[in-house]
Amino acid sequence: MSSDKKRVQFRAPHRLVDRTDALADVLGEDRTDILVTALREYLQDATHDDALTQEIAAAYYDDEISFEQLKALVGAEEAANLRVLKQQLDRDFVDEVADA
């Protein structure tokens, strides 16, 4: 894991923060460790959801996210596959317009 860190700030319901703090006390960790672990696990699970993967791909095809963002979300191999597909789709679109 990279040692580069970025500070973030967000608001969360008191009850959620209280539960996080309680778990941190039980595990002997700090709140940040619990939140980072939860976020990492959520993102790992989310990117293995087929419906979400399709949404991510659509965002890439529509140029809403960059290739680097795509790679961070779905991994290098899947991102490479989606880039090839996007290039094929772009060429097919150009061919269709040219034929029209």
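Residues numbered from 1 in each chain as written. Predicted model: local features only at pLDDT ≥ 70, side-chain atom pairs only at ≥ 80, totals over all residues. Heavy atoms only, no water.

Going by the annotation in an unreviewed UniProt entry, the name recorded for the chain is Ribbon-helix-helix protein CopG domain-containing protein, with Halorhabdus utahensis given as the source organism.

1. Considering the packing of aromatic side chains
Per the counting criterion, the structure on display carries two aromatic pairs. Both rings, one in Tyr-60 and one in Tyr-61, keep their centres 6.2 Å apart while their planes meet at 50 degrees; by these two values the pair is tilted. Chaining the aromatic ring pairs together yields one cluster made of Tyr-60, Tyr-61 and Phe-67. In this arrangement the basic side chain of Arg-83 is found over the ring face of Phe-67, its NZ or CZ atom lying 3.7 Å from the centre. Across the ring face of Tyr-60, the terminal group of Lys-86 is positioned such that the distance to the ring centre comes to 4.5 Å. (Phe/Tyr/Trp six-rings, centres within 6.5 Å; stacked < 30°, edge-to-face > 60°. Lys NZ or Arg CZ within 6 Å of the ring centre and 35° of its normal.)

2. A closer look at unusual backbone geometry
Although it is not a glycine, Asp-63 sits at a positive phi angle of roughly 60 degrees. Looking at Asp-63, the relative accessible area reads 59%, which means it is exposed. (Buried < 20%, exposed > 50% of the residue type's maximum accessible area, 1.4 Å probe, protein only.)

3. Examining the side chain of Thr-20
Inspection of the secondary structure assignment puts Thr-20 in helix 1 (residues 14-27). Beyond its immediate chain neighbours, meaning those up to four positions away, Thr-20 contacts Arg-31, Ile-34 and Leu-35. (Helix = DSSP H or I, 4+ residues; strand = E, 2+ residues; numbered from the N terminus. Contact = heavy atoms within 4.5 Å.)

4. Focus: helix 4 (residues 67-74)
When we look at burial in helix 4, the residues that qualify are Phe-67, Leu-70 and Val-74. On an axial view of helix 4, the arc spanned by its buried residues comes to 55 degrees, and they lie on one face. What points out from helix 4, more than 90 degrees from its buried face, is the exposed set Glu-68 and Ala-72. Within two residues after helix 4, Gly-75 carries a phi angle of roughly 95 degrees, on the positive side. (Arc of directions from axis to C-beta.)

5. Topic: a nonpolar patch on the surface
A contiguous nonpolar surface patch, about 300 Å² in accessible area, is contributed by Val-8, Phe-10 and Leu-35. Assignment of secondary structure puts Leu-35 in helix 2 (residues 31-46). (Patch = residues over 30% accessible without salt bridge, like charges linked within 9 Å, V, L, I, M, F, W, Y side chains within 5 Å. Areas by Shrake-Rupley, 256 points an atom, 1.4 Å probe, with all protein chains shown as cover. Salt bridge = Lys/Arg side-chain N within 4 Å of Asp/Glu carboxyl O.)

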